Every structure is written in C-alpha cells, then in structure tokens.
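Inside the fold
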Amino acid sequence: MKEETLLSTDNMFKLASLIAGEPVSSGKILAVNNPYNGQLVGTVEMAGGNDTQAAIDIALKGGQILTRYERYSILDKAKTMLLDRKEEFAKLITAESGLCISEARYEIGRAHDVLLFASIECLKDDGQVFSCDISPNGKQRKIFTLREPLKLAVAITPFNHPLNQVAHKIAPALAAGTPVILKPSEKTPLTAIRFVELLYQAGLPAYMLSVLLGDTKDVAEALVQDPRVDLVSFTGSVAVGKKIAQTAGYKKVILELGGNDPLIVLEDANLDLAVTLAAEGAFRNSGQRCTAVKRILVQENIAKEFTERFVEKAKEYTCGDPADPETRVGTVIDEQSAIYLESVVDKAVARGARILLGGKRTGALLQPTVIIDVPRDAQMVVQESFGPLAPILTFKDINDAIALSNSTAFGLSSGVVTTNMDHAIRFVKELKVGTVNINEVPGYRIESSPFGGVKDSGLGIKEGVIEAIKCFTTVKTFSMPW
C-alpha cells in the first residue's frame, strides 16, 4: 500500500479505492462533503470495471493462508489500534455523515466489540462429532464436520453506520478466512477506506481485502453478478436488496433491508422507562438506524400522560452542529433526505396529524419531531422514515397493538414496555419480526448475538458476528471407522 493513501493535507483526506492494498489510479474523483456545512471532507479515486475484475482475480489467486491464531492476532491488533485512534475515526465519521460526535464515539465502541467477538471466534473450533452406532442401522463410525472459508465474498454497506456496518461484514469474513471485496456507501466512503487501511496495518494479507468505489454498473452490479463470487452481504434499501436477490445468480445472499420498528407501550408500563426508550430509540443516530423506533404505539388510556412526558423528554435532544459535544442530534445524511422527511411530516399534517415539537428543517438538519393523531395508513408509519421522527399512535388493547404492529411490510425488530409477563410472552410469540425486546428499545443487542428480519426486512438469515461467520463458510462432513 502506497504511503499517500494514509495522508491528509490541509485537513482534507485524499484517498483511493484499494485493490489488495494498492490504490486505484483512474483520474475519476468522488468528492465527499460535510452534510452540516457543505465543506469538502475528502476525495476518493474511483474504480472502473477493469479494477473490479482485477480485485476479483487477486482475491481468487489467494496468498498466505492464515491459521486461526493468525486471524485472531490480526483482529485483536486491529481492535487495539482502533481504540488508539478513536478520536481520529470519530471526527471523520462526524465530518462525512453529519452524525453528532457522541454517536460517532459510541460507534467506535461498537466496532471495537465486533473485532473483539470476531477475534474470540477465531479461537473456537465449531466442528461437530456424530456417533453412528446410536441407531440399530448404524455402524462403528464417527461423522465429523469442519467449516471451510468461501473463495470470495462481497460486502455492500450503507451510510448510516459508516464504521460499524463495515466492521460487521468484514470482521466475520476475515475470522472465517474468507477474502472480501467491500463496496461502501459513496456517501460515507472515507471511514470505510481508513478502516481497511487499519486492517492492513494490523497484518492482514492484502489479497484478503479490497475496497472499491465506482459507478454502479462497473462495481456493485459487476460484483453482485460475477459467478466467481460465493456470497453477497448487503445492507440497504428494500428495492436494491430485492434487485440483488433477482440478479445475483447461484450464490449465497444475505439481505438486511431496514425496518419500521414499533415501541409498544402498554397501560401497565413504567412510564419513565417508556419515555426514555422512546426518545433514545427515535432520536439517537439522527433516527437513521434500521432498528430505530419508527412508530410509538401507546395504549389509549395512558396516551395523554405518556405524550406530555415524552414531549418534555424530547426537548433534551438538542439539534445542531454535529461537532459540538453538546449536540445530541446531528444532521441526516444530506439535505435531499431532510427535504424528503419534511415532506413526509407535511403529508401527515395534511391528513390531520399535529406536530407537538420540532418539525423544522435547516439544510440537512431536521429537528427531532413529535407528532400525534397520525393516520394508521400515513406514509410516515407505513414506509420507513429514516430520520428523527417520533409519530405516536394509539391502540385499544393487546389484539389491536399486535395487529397494528404487524400491519406494515417490514419485520425487523420491536420493543415492548410492560410489567406483565403474560403480555410480554404473547408479544414475543405473535409479533412478526426478527427480534422482540421487552422493556428495551427495538435495536438493543450485543455485536455477537443473532440479528436480522423477516418480510421486507430480510430473508430471515441472521447476521451478528457468530451467525455471520457461519454464512462466510461451508460445512464439510467426513466420517471414519471408530
């Protein structure tokens, strides 16, 4: 890897797509601007179709085969290096994404955990042993399993977690011994490239990882459709995810396609807890999380008290300069996204909804917005609103709550606030989602636990470090006399 890819001049990063550590030299430049102030944060030299083919060829050619311990050592070293450079990475995340600095620092911690858990899994042998004499038709043999890495995987990541989404795909693949080509979001590529560079510096053989930015046809579509690629792991929109499923061909596909997650507040709930969870779930990360609280469903007889408390809580989430440590809600990813969210609010208001707090936009900044009397079929609550919007809807009883929660095309996560165990169990059983969290936000998990949705949120294939490592491998079975 050439030294210039590690340098910045005049506080502006000049980076490049990397093919096994070597920077692409195409002359085609992608500019990355700060969503808050419009300033140029950095540039990336983009890849073309020939570069994509070269990255595939190099990965398949291979190189040094890493032992489990060597994989562990690389990921463990990367974890330590990431913490040592925490502020550098956090400031870069804030600059290119508009996320407030406190959220960026939190994301560093999450990515650290991904590397930690992935490194730990390297040291575990997950093979199985089956005795064949347990059946009257069996023999004196034993059947053994082992996992082998795939030849090549492709990871396509979104903008909303510029580091952690990248880590969640790359680290499990590397733990499995599978080479990866990363295609990060063109809106937040700088953090991704810097993280790839960090992994090289931690000792990763260059052939095992490339990162490409470029025109969709030359890079993303070429990678997805190439028959030499064994797996495509994608996080992003439903439309793109379904197109990938249709065009990828005969290969593994992992799709995480967003959510429309409810926080369901029952009449027996601890309201202090419910209010806190609603605010954290709706406004953290500027509401740009697939597991953010997109709908707050409150039982009718406590709706007035909950709403009054929630509005007061929401006032604590100050919106402004993402680089200011006092700011709790930064921008959404760009002004176009903020304008779209503003239009979604306007459409709900036109149908009778009322804004109790926020709703004003300045550039890419959208104030945390509390809105009530939202029709159940409003765009705001039927589709995924990827921003700091908190629509409150009411329900009559548990049957109504379950029906309302299940009424959208999504099925990622959910949160239920209740002190009644029977009620909690019923929601666990009847909500059509991948995760149900009791007395917690929909998005709560640790980085090693299974994660993924159903319906339009995904194919039911789980991510999370342990499950992802399984996806990046195939199981080989062999037997021996015993």
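These numbers were taken from a predicted model, which means no experiment stands behind them.

1. Description of the pattern of salt bridges
Tallied over the full model, the rule gives 35 salt bridges. Measuring nitrogen to oxygen at the nearest pair gives 3.7 Å for the salt bridge that ties Lys183 to Glu186. Note on Lys183: relative accessible area 11%, which makes it buried. Between Lys304 and Glu308 there is a salt bridge, with the nearest N and O atoms lying 2.7 Å from each other. Placement of the pair is Lys304 and Glu308 together in helix H10 (residues 303-314), with a separation of four residues, close to one helical turn. The exposed category is assigned to Lys304, whose relative accessible area is 62%. One salt-bridge network, held together by shared partners, links Glu103, Glu280, Arg284, Lys313, Glu316 and Arg328.

2. Focus: the confidence of the model for the protein
Predicted confidence across the protein gives a mean pLDDT of 96, with 98% of residues reaching 70 or more. Across residues 1-9, confidence stays below pLDDT 50; counting only partners more than four residues off in sequence or on other chains, it has 22 contacts.

3. Considering unusual backbone geometry
For Asp373, which is not glycine, the phi dihedral falls at a positive 60 degrees. The residue Asp373 is located in the loop between strand S19 (369-372) and helix H12 (379-382) in this model. Residue Asp373 is classed as partly exposed on the basis of its relative accessible area, which comes to 44%. Phi at Asn439 takes a positive value of approximately 55 degrees, unusual for a residue other than glycine. For Asn439, a relative accessible area of 30% translates into the label partly exposed.

4. A word on the sheet that holds strand S8 (residues 141-149)
Taken in spatial order, the three strands make up an open sheet running S7-S8-S25, and their pairing is antiparallel. Every other strand in the sheet has two partners, leaving strand S7 (129-131) and strand S25 (473-481) as the edge strands with one partner each. Going from strand to strand, the sheet's axes swing by 20 degrees on average, the running direction of each strand aside. Here S8 pairs with S25 via nine bridges, running antiparallel. From the neighbouring strand, Glu148 faces S25, where its bridge partner is Thr474.

5. A closer look at the packing of helix H5 (residues 164-176) against helix H6 (residues 189-201)
It is at 11 Å that the axes of H5 and H6 come closest, and there the two elements cross at 25 degrees. Here H6 runs roughly parallel to H5, going by the angle between their axes. Between H5 and H6 lies a crossing of right-handed hand. From H5, Val166, Ala167, Ile170 and Leu174 reach across to H6, where they touch Ala192, Phe195, Val196 and Leu199. Residue composition of the contact of H5 with H6, by class: eight nonpolar, no polar and no charged.

6. Things to note about helix H3 (residues 86-97)
If you check H3, its first and last C-alpha atoms are 16 Å apart, about what twelve residues at 1.5 Å a residue would give, namely 16 Å. Inspection of H3 places Phe89, Ala90, Leu92, Ile93, Thr94, Ala95, Glu96 and Ser97 among the buried residues, and these make up the whole buried set. Looking at the buried residues of H3, the elements they touch are strand S2 (12-16), strand S5 (29-33), strand S6 (40-45), helix H2 (68-84), helix H4 (101-122) and H6. Positive phi shows up at Gly98, right after H3, with a value of about 85 degrees.

7. Comments concerning the pairing of strand S20 (residues 389-395)
For S20, the buried fraction is high: six of the seven residues fall into the buried class. Of the strand pairs in this sheet, strand S15 (residues 293-299) and S20 are connected by four bridges, and their pairing is parallel. Residue pairing in the sheet places Ile296 in a bridge with Ile392 of S20. Relative to S20, S19 runs parallel, the two being bridged by three bridges.

8. Some words on the packing of aromatic side chains
Following the criterion strictly, the structure yields seven aromatic pairs and no others. Residues Phe144 and Phe478 carry aromatic rings whose centres are separated by 5.2 Å and whose planes lie at 20 degrees to one another, so their mutual orientation is stacked. Separated by 334 residues along the polypeptide, Phe144 in strand S8 and Phe478 in strand S25 bring together distant segments of the chain. The class of Phe144 is buried, set by a relative accessible area of 15%. Among the residues examined, Phe478 registers a relative accessible area of 32% and is labelled partly exposed. On the numbers, 5.7 Å between centres and 10 degrees between planes, the contact of Phe306 with Phe310 is stacked. Taken as a pair, Phe306 and Phe310 lie in helix H10 at a separation of four residues, close to a single helical turn.

9. Notes on the sheet that holds S15
If you trace the seven strands from one edge of the open sheet to the other, you get S16-S19-S20-S15-S14-S22-S23, paired in mixed fashion. The open sheet has two edge strands with one neighbour each: strand S16 (354-357) and strand S23 (435-438). Between one strand axis and the next, the sheet turns by 25 degrees as a mean value, whatever way the strands run. Of the strand pairs in this sheet, strand S22 (residues 413-417) and S23 are connected by four bridges, and their pairing is parallel. Within S23, the residue paired with Gly415 across the bridge is Asn437. Contacting strand S14 (261-265), S15 and S20, helix H13 (residues 398-405) crosses the sheet at an angle of about 165 degrees to S15.

10. Topic: the environment of Asn34
Tracing the backbone shows Asn34 in the loop between S5 and S6. The class of Asn34 is buried, set by a relative accessible area of 13%. Setting aside its immediate chain neighbours within four residues, Asn34 contacts Gln39, Val41 and Ala95. Within the local environment of Asn34, its side chain forms a polar contact with the backbone nitrogen of Tyr36, the two atoms lying 2.7 Å apart.

About the thresholds
Residues numbered from 1 in each chain as written. Predicted model: local features only at pLDDT ≥ 70, side-chain atom pairs only at ≥ 80, totals over all residues. Heavy atoms only, no water. Salt bridge = Lys/Arg side-chain N within 4 Å of Asp/Glu carboxyl O. Buried < 20%, exposed > 50% of the residue type's maximum accessible area, 1.4 Å probe, protein only. Helix = DSSP H or I, 4+ residues; strand = E, 2+ residues; numbered from the N terminus. pLDDT = per-residue confidence, 0-100. Contact = heavy atoms within 4.5 Å. Pairing = 2+ DSSP bridges. Axes fitted to C-alpha atoms, helices over the stretch in contact; angles between N-to-C directions. Parallel < 35°, antiparallel > 145°, perpendicular 65-115°, else oblique. Left-handed = near helix turned anticlockwise from the far one by under 90°. Nonpolar A, V, L, I, M, F, W, Y, C, P; charged D, E, K, R; others polar. Expected span 1.5 Å × (residues − 1). Phe/Tyr/Trp six-rings, centres within 6.5 Å; stacked < 30°, edge-to-face > 60°. Polar contact = N/O pair within 3.5 Å; in protein donor to acceptor, adjacent residues only side chain to side chain.

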